[in-house]
Amino acid sequence: MFSLSEVAIDRDRCSKELADQSAGALVSFEGWVRDNNQGYEVKSLEYQVYEELALSEGQKIVTEAKEKFNIKDALCYHRHGHLHLGEIAIWIGTTATHRDDAYKASRYIIDEIKLRLPMWKKEHYLKREAKWVFCRDHHTHVHFEESDYYFRQEKVVDQSKLKNAKVVVIGAGGLGSAALQALAGAGVGSLSIYDHDKVSISNLQRQFLYGTSDVGEFKVDIALKKLRELNPFINLNAINEAVSEENILDIIAEGELILDCTDNLRTKFLIHDACFKLSKTLVSASIYRGDAILRAFDPKRSLGCLRCQYEETPSDSHIGNCNDYGVLGANVATIGMMMSSVAIDLLNKGESQALENSLLINLGELSIQKVVNFKKSDCPVCLGDVEIVNLGLEVSGDEILDRAMTTLDIRELNEIEDIKVEIEKCDGEVALYCHRGIRSLEVVKGLREQGEKRVYSLRGGASTLVKPTSCHL
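Okay, so let's go over this structure. (Residues numbered from 1 in each chain as written. Predicted model: local features only at pLDDT ≥ 70, side-chain atom pairs only at ≥ 80, totals over all residues. Heavy atoms only, no water.)

Let's talk about the sheet that holds strand S2 (residues 25-32)
Applied cut-off: Whether two strands pair depends on DSSP finding at least two bridges between them. The numbering of helices and of strands both runs from the N terminus, where a helix is a DSSP run of H or I of at least 4 residues and a strand a run of E of at least 2. The angle between two axes is taken between their N-to-C directions and runs from 0 to 180 degrees, where each axis is a line fitted to C-alpha atoms and a helix contributes only its stretch in contact. Between two residues, a contact is recorded if the distance between any of their heavy atoms is within 4.5 Å.
With mixed pairing, 4 strands are arranged side by side in an open sheet as S1-S5-S7-S2. Two strands in the sheet have a free side with no partner beyond their single neighbour: strand S1 (2-5) and S2. Each neighbouring strand pair of the sheet contributes to a mean axis angle of 10 degrees, computed without reference to strand direction. Strand direction decides the pairing type here: S1 and strand S5 (residues 71-79), joined by 4 bridges, are parallel. From the neighbouring strand, Phe-2 faces S5, where its bridge partner is Cys-76. Helix H2 (residues 51-68) rests against S1 and S5 of the sheet, and its axis sits at about 145 degrees to S1. Strand contacts of helix H3 (residues 99-116): S1, S2, S5 and strand S7 (88-96), with the helix running at about 145 degrees to S7, the strand carrying the most contacts.

Next comes the structure, spelled out in structure tokens:
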């Protein structure tokens, strides 16, 4: 049970309410009003509460604790109004057969109440003005000001520029997890994260935003949680969605600066083209083992673009990937951090060496070579003439379900003839899928050219597939 109280909490009465002869342990927690906080003398506390919502949320937390832990009962009383020194602000009691279960449940309740309860605390001091203290969004009850958080960087950046910035990061893998931590820590005011993949065990050696307990969870969900813990003063938006021709313009429109942290050429060129169409600044990087390339593009300046060099998007089949050739976590994280450094310079000063030059980085030799970006005077993309073409070759997991399509896993089918044989066994429309949707899209393009009109590629690959149907019984 969860209750709010405007009068003093009676600990003895609370303990009696939980009396149970079948329980082997009662664990109680009391939060008291103390006489100091961070060196300032405190004379009293004041709690304000959104009572109806607090009662509902508090009861939900107590119920969750009873469901999560092997306890017999739980009780929580929380004061509101004005409290004096030494008074009990919160009392929590849990009973269980064994004490460890009661300990865990009690800790869970207090942590979740700090995080979720619509309650605000004002500290009244002896020698300074009363102030509302920050205790939501972190469980440790540490009180600090936003200015304290950024104290070490205030001499090197204009914090107000970062606070007012809107940045979109596409890809929360190796590059993205490093860049996101740096941008969040620096205080970029609004961060939107796009990724559709789940955390796998093979990610962990280079994607340092995740841990073993996160395996199987969507990356955006974990990123949102970890970044909120890192910096509670910024706005975060995490979207579990694969980038496509259908949504790219909406994604790019959300930010003033875009970080491309993806790992395939098709998506990189799609993001690049959309940024030029909407005149958004872009920071992009790619890494292959110890070699990387880092560059930035500002469509408002006449400094060249990727289409000045490649009118057609190169095929991903022409480059190596980390699955085949390996990758070192330290290398990927280094480039991700460099991307964030370029982004912060652009937000803070509007300038970066990466705008005029492609930075060719060799991490084995610790060298950086600057190559001046090539610009074609008649490049239509540089001139703003950009068309985002949707070829209609991809479908989402939801579309597969809605259209009752058959799915075909081609991850272990290496020859096109073998894939065609399997397609012949399937009825109706067929959605091919590989690990991330890159190879399957290339296969579908080839099959469409050969006249096979009923095949599609699953956007984002196997990790996005929900309740698949299969042509193999």
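Things to note about the pattern of salt bridges
What counts, and what does not: One side-chain nitrogen of Lys or Arg within 4 Å of one carboxyl oxygen of Asp or Glu is enough to make a salt bridge. A 1.4 Å probe rolled over the protein chains alone gives each residue an accessible area, and that area as a share of the maximum for its type sets the label: buried under 20%, exposed over 50%, partly exposed in between.
This structure, assessed with the given rule, holds 30 salt bridges. Between Arg-307 and Asp-273 there is a salt bridge whose closest N-O contact spans 2.8 Å. Highlighted residues: Arg-307 in the loop between strand S15 (291-297) and helix H10 (322-325) and Asp-273 in helix H9 (residues 265-278), separated in sequence by 34 residues. Residue Arg-307 is classed as buried on the basis of its relative accessible area of 11%.

Quick look at helix H6 (residues 174-186)
The test is simple: Here a helix's expected span is defined as the number of its residues, less one, multiplied by 1.5 Å.
Its 13 residues place the ends of H6 19 Å apart at the C-alpha level, agreeing with the 18 Å of an ideal helix rising 1.5 Å per residue. Summarising burial for H6: 11 of the 13 residues are buried, a large majority. Considered for burial, the residues of H6 that qualify are Gly-174, Leu-175, Gly-176, Ser-177, Ala-178, Ala-179, Leu-180, Ala-182, Leu-183, Ala-184 and Ala-186. Residue Gly-187 follows H6 closely and has a positive phi angle near 95 degrees.

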